[in-house]
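Residue-level listing of the chains:
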Amino acid sequence: MKANARPAHTRTRKSGGWKRLGWVLFFLLPSAIPLFVFTLVPMVSSFWVSLHKWNLISPMEWVGLGNYQNLLGDEMTRRVFLHTLIYVAGYLPIVYAGGLLLALALNQKLKGRAFLRATYFLPVVTSWVVVALVWKWLLNPTNGLVNQVLGAIGLPEPGWWTDPHWALPAVILSSAWKDLGFVMVILLAGLQAIPSDIYEAAKVDGSSAWQRFWRVTLPLLSPSTFFVVVISLINGFQVFDQVYVMTAGGPQGSSQVVVGQIYDLTFRYGRAGEASALSWILFAVILLITVVQIRGQRRWVHYA
C-alpha cells in the first residue's frame with residue numbers, strides 16, 4: 001500500500017459529495033438556464049454595446065469609455081437623475097407611511113378584514129398601464145375627478161400631468177397608491193410575527209400606546225421595514241411605465257427619469273451605445289445604494 005494513498009472512506013465521502021453536487025446542479029438547470037440566457041448574456045452584451053457607438057442599424061464603432069464620459073458631462077443626464085431622486089424621495093415616505101397605517105389598521109380584529117386586505121392588495125396585481133391610465137383620467141386638469149373635488153371645496157386645481165411643476169408629483173401619487181398594498185402585506189406579516197407577550201409586558205410596565213408603538217412595534221418591525229425600503233428604492237430608481245403612460249417624460253422634460261432617458265436614447269435618437277452606458281451607470285448607483293443599506297442595517301435593524 002502506498003504511503004500517500006487516501007483512506008477508502010475519504011474517497012467514498014468525496015465521491016458522494018460530488019454526486020450530491022451533480023444532483024443539485026441538475027435540479028437548478030431549469031432556472032439556471034433562463035437566468036443565463038435572459039439575464040447574464042444580455043447584461044454582458046449591453047456592457048459590450050456601451051463601449052461602442054451604435055444606432056441599431058449600422059455596424060458598431062468602438063469608442064471605449066467615450067459614452068460614459070459624454071453622459072457624465074451631459075446636463076440631461078444630471079437632470080434625469082435629479083428627477084429620479086425627487087421621485088424616490090417623494091414616493092418612499094408616502095408608500096411606507098401609508099402601508100404602515102394600513103397594516104396597523106388591518107392587524108386589528110375587524111369585520112371583513114380579509115376582504116379589506118384583498119381589496120387594498122388588488123392594485124398591486126393590476127397592470128401598470130391600466131393604473132396609469134386611470135390616474136391620468138382622475139388627474140385630468142379639465143374634467144378629472146380630483147380637480148372637481150378640489151374645486152368644490154375651494155382649493156386650487158393643479159394642472160397635474162400637463163404642468164411642469166405638477167407632472168412628477170402626479171406620477172408619485174399614482175405610484176404610491178398602486179404599491180401601498182405590497183408594503184401593507186410585508187409589514188402586516190412583520191406585525192403578526194411580533195409576540196403578544198412583549199406587548200403585555202409593556203402594558204404591565206405602564207407604557208402608553210404611543211410608547212408601545214415607538215419602542216416595541218417599530219424596532220421589532222425593522223427587518224420588514226428594511227426589506228420594504230430596499231425593494232422600494234430599487235423599484236423607484238427603475239421607474240418607467242407610469243411615467244411613459246402618464247407624461248412620456250414631459251411636459252418640457254420635467255418628469256423624465258433615467259429609464260425613460262435610456263428608452264429615448266435607444267429608440268428615439270438611435271444612440272444605443274449611450275443608452276447601454278447609462279443603464280450601467282444606473283446599475284452602479286443602485287448597487288452602491290443597496291450595499292450602503294446592507295452595511296448600515298446593523299445599526300437599526302433588530303432581528304432578535
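As the structure is a prediction and not an experimental result, all values here were calculated from the model.

Student: Sorry if this is basic, but what is going on with the overall build of the protein here?
Tutor: What the protein contains, in helices and strands, is 13 helices and two strands. For the protein, with 304 residues in total, the buried portion stands at 38%. For the protein, contacts bridging at least 24 residues in sequence account for 67% of all contacts bridging at least 6. Counting every atom, the protein has about 18500 Å² of accessible surface; 68% of that belongs to carbon and sulfur. Treating the 24 positive side-chain charges of the protein as one cloud and the 12 negative ones as another, the clouds have centres 19 Å apart.

Student: What am I meant to see in the side chain of serine 224 here?
Tutor: As for its placement among the helices and strands, serine 224 is situated in helix H10 (residues 222-237). Sequence-distant contacts of serine 224, defined by excluding residues within four places in its chain, comprise Ile186, Leu187 and Gly190.

Student: Is there a simple way to think about unusual backbone geometry in this case?
Tutor: Most of the time, phi is negative for any residue but glycine, and the peptide bond is trans. That bond from glycine 250 to proline 251 is cis: its omega, -5 degrees, falls within 30 degrees of zero. Its location among the elements puts proline 251 in the loop between helix H11 (241-246) and helix H12 (258-268). Even without glycine at this site, leucine 56 takes up a positive phi of about 75 degrees. Take leucine 56: it is sitting in the loop between strand S1 (52-53) and strand S2 (61-62). Positive phi is not limited to glycine here, since tryptophan 160 has a value of about 50 degrees. When you line up the elements, tryptophan 160 lands in the loop between helix H6 (145-152) and helix H7 (167-192).

Student: I would appreciate a short explanation of the packing of aromatic side chains in the present structure.
Tutor: Given two aromatic rings, their pairing is described by the distance between the two centres and the angle made by the two planes. For the structure shown, the criterion picks out 16 aromatic pairs. Judged by centre distance (5.3 Å) and plane angle (70 degrees), the ring pair of tyrosine 244 and tyrosine 263 falls under edge-to-face. Taken together, the residues tyrosine 244 in helix H11 and tyrosine 263 in helix H12 connect sequence positions 19 residues apart. Accessibility expressed as a relative area gives 42% for tyrosine 244, which makes it partly exposed. Taken together, the aromatic side chains of Phe240, Tyr244, Tyr263 and Phe267 make up a single cluster linked through ring pairs. In this structure, lysine 136 packs its charged tip against the face of tryptophan 161, placed 4.9 Å from the ring centre.

Student: How should I be thinking about the packing of H10 against helix H13 (residues 272-296) in this particular structure?
Tutor: Between two packed helices, both the angle of their axes relative to each other and the distance between the axes serve to describe the pair. At a closest axis distance of 10 Å, the pairing of H10 and H13 adopts a crossing angle of 170 degrees. Judged by the angle between their axes, H10 and H13 are roughly antiparallel. Each of Phe226, Val229, Val230, Leu233, Ile234 and Phe237 in H10 lies in contact with H13, whose residues at this interface are Leu282, Val285, Ile286, Ile289, Thr290, Gln293 and Ile294. Residue classes in the contact of H10 with H13 are distributed as 11 nonpolar, two polar and no charged.

Student: Before we go on, may I ask you to explain the confidence of the model for the protein in this structure?
Tutor: Any segment with low pLDDT has predicted coordinates that should not be analysed in fine detail. Across the protein, pLDDT averages 89, with 94% of residues at or above 70. Within the protein, no element has a lower average pLDDT than helix H1 (residues 8-50), which sits at 80, and none a higher one than helix H3 (residues 75-106), at 95.

Student: Mind showing me how you'd approach the environment of glycine 144 here?
Tutor: Relative to the helices and strands, glycine 144 is located in the loop between helix H5 (128-138) and H6. For the pair glycine 144 and glutamate 157, spaced 13 residues apart in the sequence, the C-alpha separation amounts to 10.0 Å. The contact partners of glycine 144, leaving out residues within four places of it in the chain, are Trp137 and Leu138.

Student: Which parts of the structure should I look at to understand the nonpolar core?
Tutor: Nonpolar side chains tend to gather and get buried jointly when the protein is soluble and globular. Grouped together as the largest cluster of nonpolar side chains are 57 residues, with contacts concentrated most on Leu187 and Leu282. Every element with two or more residues in this core is listed here: helix H2 (66-72), H3, H5, H7, H10, H11, H12 and H13. Among the elements that line this core, the one with the most residues is H3, at 12 residues. Every residue in contact with leucine 187, bar those within four places of it in the chain, is listed here: Tyr96, Gly99, Leu100, Ala103, Leu221, Ser224, Thr225 and Val228.

Student: Help me understand H10, please; the structure alone is not making it clear to me.
Tutor: Along an α-helix, a turn takes 3.6 residues, which lines up residues three or four apart on a common side. Over its 16 residues, H10 runs 22 Å from end to end, which matches the ideal 22 Å to within 8%, given 1.5 Å per residue. When we look at burial in H10, the residues that qualify are Ser222, Ser224, Thr225, Phe226, Val228, Val229, Val230, Ser232, Leu233, Gly236 and Phe237. On its buried face, H10 is in contact with H3, H7, helix H9 (209-220), H12 and H13.

Student: Help me understand the pattern of salt bridges, please; the structure alone is not making it clear to me.
Tutor: Opposite charge on two side chains permits them to pair, given that their charged atoms come into close proximity. Evaluation of the coordinates by the stated rule reveals three salt bridges. For arginine 268, the salt bridge identified is with aspartate 264, shortest N-O distance 3.9 Å. In this pair, arginine 268 and aspartate 264 are both assigned in helix H12, four residues apart and thus about one turn of the helix distant. A relative accessible area of 53% means that arginine 268 is categorised as exposed.

Student: It is not clear to me how the environment of valine 95 should be interpreted in this structure. Could you clarify?
Tutor: With respect to the element layout, valine 95 can be found in helix H3. Note: C-alpha distance between valine 95 and lysine 109 (14 residues apart in sequence) is 24 Å.

Thresholds applied
- The residue count restarts for each chain, going from 1 along the sequence in the order it is written.
- Predicted model: local features are reported for residues with pLDDT of at least 70 only, side-chain atom pairs are reported and counted for 80 or more only, and whole-chain, interface and lining totals are derived from all residues.
- Calculated side-chain values reflect all of the structure's heavy atoms, with hydrogen atoms and water omitted.
- The numbering of helices and of strands both runs from the N terminus, where a helix is a DSSP run of H or I of at least 4 residues and a strand a run of E of at least 2.
- Buried means the residue's accessible area, taken with a 1.4 Å probe over protein chains only, is under 20% of the maximum for its type, while exposed means over 50%, and partly exposed covers the values in between.
- Contacts are assigned to residue pairs with any non-hydrogen atoms lying within 4.5 Å of each other.
- With residues, only the protein chains shown are counted as cover, and all accessible areas are computed by Shrake-Rupley using a 1.4 Å probe.
- Charge assignment in this entry is limited to Lys and Arg as positive and Asp and Glu as negative, and neither His nor the chain termini are counted.
- Taken as the charge location is NZ of Lys, CZ of Arg, CG of Asp or CD of Glu.
- Whether two aromatic rings pair depends on their centres lying within 6.5 Å, for rings of Phe, Tyr and Trp, where Trp uses its six-membered ring; planes under 30 degrees apart make the pair stacked, over 60 edge-to-face, and the rest tilted.
- To sit over a ring, a charge needs its Lys NZ or Arg CZ within 6 Å of the ring centre and within 35 degrees of the ring normal.
- Orientation is described by lines fitted to C-alpha atoms, with helices fitted over the stretch in contact, and by angles between N-to-C directions that extend from 0 to 180 degrees.
- Any angle from 65 to 115 degrees is called roughly perpendicular, while one under 35 is roughly parallel, one over 145 is roughly antiparallel, and all others are oblique.
- Residue classes follow a fixed rule: Ala, Val, Leu, Ile, Met, Phe, Trp, Tyr, Cys and Pro count as nonpolar, while Asp, Glu, Lys and Arg count as charged, and any other residue, Gly among them, counts as polar.
- Every residue carries a pLDDT, the predictor's confidence in it, which falls somewhere between 0 and 100.
- Working definition of a nonpolar core: buried Ala, Val, Leu, Ile, Met, Phe, Trp, Tyr and Cys residues. They are joined through side-chain atoms within 4.5 Å.
- For a helix, the expected span equals 1.5 Å multiplied by the residue count minus one.
- A side-chain nitrogen of Lys or Arg and a carboxyl oxygen of Asp or Glu constitute a salt bridge if their distance falls within 4 Å.

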